[in-house]
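So you can see what is in the structure, the chains are spelled out below.
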Amino acid sequence: MTDRLNLAITCFPTFGGSGMIATEIGLAMADRGHRVHFIARDLPVRLHGMTRKVIFHEVTESDYPALFHSGTYPLALASKMIEVASYERLDILHVHYAVPHATAAWMAREVLGDKAPRIVTTLHGTDTTLVGIDPNYLPITRFSILRSDAVTTPSEFLRRATWEGFGIPPESCPIDVIPNFVDTERYASVRDRQALHQLFPGLPEDEPVLVHVSNFRPVKRIGDVVAVFAAVHRERPCRLLMIGDGPERSPAERRLRELGLEDRVAFLGKQESFAELLAAADVFLLPSEQESFGLAALEALSCGIPVVASNIGGIPEQVDHGTTGYLAPMGDVEGMAGYVLELVRDPELWGRFSRRARQNVLDRFQLAPAIDRYEALYRRLTSCPSSPGGPWRPAP
Ligand code: GMT
């Protein structure tokens, strides 16, 4: 084994934290001299313009309509994994999001036998807390997690939720917590209100701008984002910036029209880059029902923007209540609105939160130490002898 690892990453190519983290890991590993492949349905969003650093393998499904009622993607993915692993002699296959990626990786390993790369599965949240534990997928997801050579989660919360949700005794599946990270240079605390003036023409200097970024799924409680904004606006005129898209966007736009607040809100849809907008805003809202980590909140904190969020999942592991943001019980929109008002009414308090938010990210959530940990994990696995035709960990 040479020092240079041959690594393949599988992730969802669309907008969303798991794909972003997977892409950043791949790019950082390439910067460290490793040979990096991506195996995915499409070029991951953050790889646009970066393709010369890595090798991209597109997964293509065949269309055979008379027979296939639904997607054969996991089979096509497993086949592509087998192909790439065989011809490229992969050391590591790192899959992000268990459903269906960990299962495709397990299928590939079965075919490859002792030529299989080591498989790392990073769980991201709904693959454990929602989709993975759905009885329609639970047995195969549980099995695929157990058959991975290593499993990681971005938070302590998700580690526990995985053991509990799948009924896995911790000793039969050690899980490494490697917190998500952020590029602190890209998400910097350079405040330029000018960035907001195009979106909100005539925006007064002292008018607060609240911001939310997500995939607008029901777990994000977009209705609560609107309700918090409306409650704050009653006391102190403000604006709301909504970045991302998904099924809850239209209902939110409808509700804002009913409230007569539509002119005070900008919906930007999916954006490839929005750091300068985050940095120019005042408070980030994340009233989610589920959040294994909440990467968007970390990006806001990195820009020095205090976060007001629900006190659930992995959020308290990165947002310190009363120090870098405020946490309230899920659904407590009045409480969250009260916290936003505290912050926007008191510039000194806001400044303290902002400085500590940035510092906390610099101290705990930088990219390089996280990449060190993934690299050490890969090395640990590749230095471990493989038991013939199976994982080196005890079988489930
Ligand atoms: O939030 C989502 O549904 C998207 C999902 C994803 O695949 O990107 O996000 C999950 O992974 C992110 C990256 O680790 C985490 O920051 C999010 O908290 C997590 N979402 C949930 O747990 C709901």
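Residues numbered from 1 in each chain as written. Predicted model: local features only at pLDDT ≥ 70, side-chain atom pairs only at ≥ 80, totals over all residues. Heavy atoms only, no water.

1. Quick notes on the site of the ligand
Stage number 1. Neighbouring the ligand are 17 residues, the closest being G17, S18, H124, N180 and E291.
Stage number 2. Here an oxygen atom of the ligand and a side-chain polar atom of H124 are 2.6 Å apart.
Stage number 3. In this structure, an oxygen atom belonging to the ligand sits 2.9 Å away from a main-chain N or O atom of L295.
Stage number 4. A per-class count over the shell around the ligand returns 4 nonpolar, 11 polar and 2 charged. (Near = heavy atom within 4 Å. Polar contact = N/O pair within 3.5 Å; in protein donor to acceptor, adjacent residues only side chain to side chain. Nonpolar A, V, L, I, M, F, W, Y, C, P; charged D, E, K, R; others polar.)

2. Considering the domain arrangement of the protein chain
Stage number 1. Partitioning the protein chain into domains gives domain 1 (6-181 + 366-383) and domain 2 (194-364).
Stage number 2. Between the C-alpha centres of domain 1 and domain 2 the distance comes to 30 Å.
Stage number 3. Taken residue by residue, the interface counts 21 residues in domain 1 and 17 residues in domain 2.
Stage number 4. In total, domain 1 and domain 2 occlude about 1,400 Å² of area from one another, counting both sides; carbon and sulfur atoms represent 59% of this.
Stage number 5. Of all residues in domain 1, F15, F157 and Q366 bury the most surface against domain 2, accounting for 37% of the area lost on that side.
Stage number 6. The tally of links between domain 1 and domain 2 comes to 1 salt bridge.
Stage number 7. Note that R46 and E299 form a salt bridge whose closest N and O atoms lie 3.8 Å from each other.
Stage number 8. Those elements giving two or more residues to the side of domain 1 that touches domain 2 turn out to be α1 (17-31), α4 (126-129) and α6 (156-165). (Domains from an automatic or database assignment. Contact = heavy atoms within 4.5 Å. Buried area = accessible area lost by both parts, 1.4 Å probe. Salt bridge = Lys/Arg side-chain N within 4 Å of Asp/Glu carboxyl O. Helix = DSSP H or I, 4+ residues; strand = E, 2+ residues; numbered from the N terminus.)

3. Here we look at the sheet that holds strand β4 (residues 92-96)
Stage number 1. Strand order in the open sheet made by the 7 strands is β3-β2-β1-β4-β5-β6-β7, with parallel pairing throughout. The open sheet has two edge strands with one neighbour each: β3 (55-58) and β7 (175-177). When strand polarity is set aside, the average angle formed by the axes of neighbouring strands in this sheet is 25 degrees.
Stage number 2. Here strand β1 (residues 6-10) runs beside strand β2 (residues 35-40); their pairing, made up of 4 bridges, is parallel. (Pairing = 2+ DSSP bridges. Axes fitted to C-alpha atoms, helices over the stretch in contact; angles between N-to-C directions.)

4. A short note on the pairing of strand β6 (residues 150-153)
Regular strands show a simple pattern: their side chains alternate between the two faces of the sheet.
Stage number 1. In β6, alternate side chains face the same way, and those of A150 and T152 on one face and V151 and T153 on the other are all buried.
Stage number 2. In this structure, strand β5 (residues 118-122) lies alongside β6, joined through 3 bridges in parallel fashion. Of the residues in β6, the one forming a bridge with V120 is A150.
Stage number 3. Each parallel crossover has a hand, and for β6 linked through α6 to β7 it is right-handed. (Buried < 20%, exposed > 50% of the residue type's maximum accessible area, 1.4 Å probe, protein only. Right-handed = clockwise from strand over helix to strand, strands pointing away.)

5. Brief notes about the packing of aromatic side chains
Stage number 1. Counted by the stated rule, this structure contains 7 aromatic pairs.
Stage number 2. On the numbers, 6.3 Å between centres and 65 degrees between planes, the contact of Y187 with F274 is edge-to-face. Of this pair, Y187 sits in the loop between β7 and α7 (194-197) while F274 sits in the loop between β10 (265-269) and α10 (275-280), and the two are 87 residues apart along the sequence. With respect to class, Y187 is no different from F274; both count as buried.
Stage number 3. Between Y326 and Y339, the aromatic rings sit 4.3 Å apart at their centres with planes inclined by 10 degrees, giving stacked as the arrangement. Taken together, the residues Y326 in strand β13 (residues 325-328) and Y339 in helix α12 (residues 333-345) connect sequence positions 13 residues apart. (Phe/Tyr/Trp six-rings, centres within 6.5 Å; stacked < 30°, edge-to-face > 60°.)

6. Brief notes about the pattern of salt bridges
Stage number 1. Applying the stated criterion to the full structure yields 25 salt bridges.
Stage number 2. For D31, the salt bridge goes to K53, with nearest N and O atoms at 2.8 Å. Here D31 is found in helix α1, whereas its partner K53 is found in the loop between β2 and β3, with 22 residues between them in sequence.
Stage number 3. For R221, the salt bridge identified is with D224, shortest N-O distance 2.7 Å.
Stage number 4. Assessed through its relative accessible area of 12%, D224 is described here as buried.
Stage number 5. Among the charged side chains, a network of salt bridges with common partners joins E24, R46, D183, R186 and E299.

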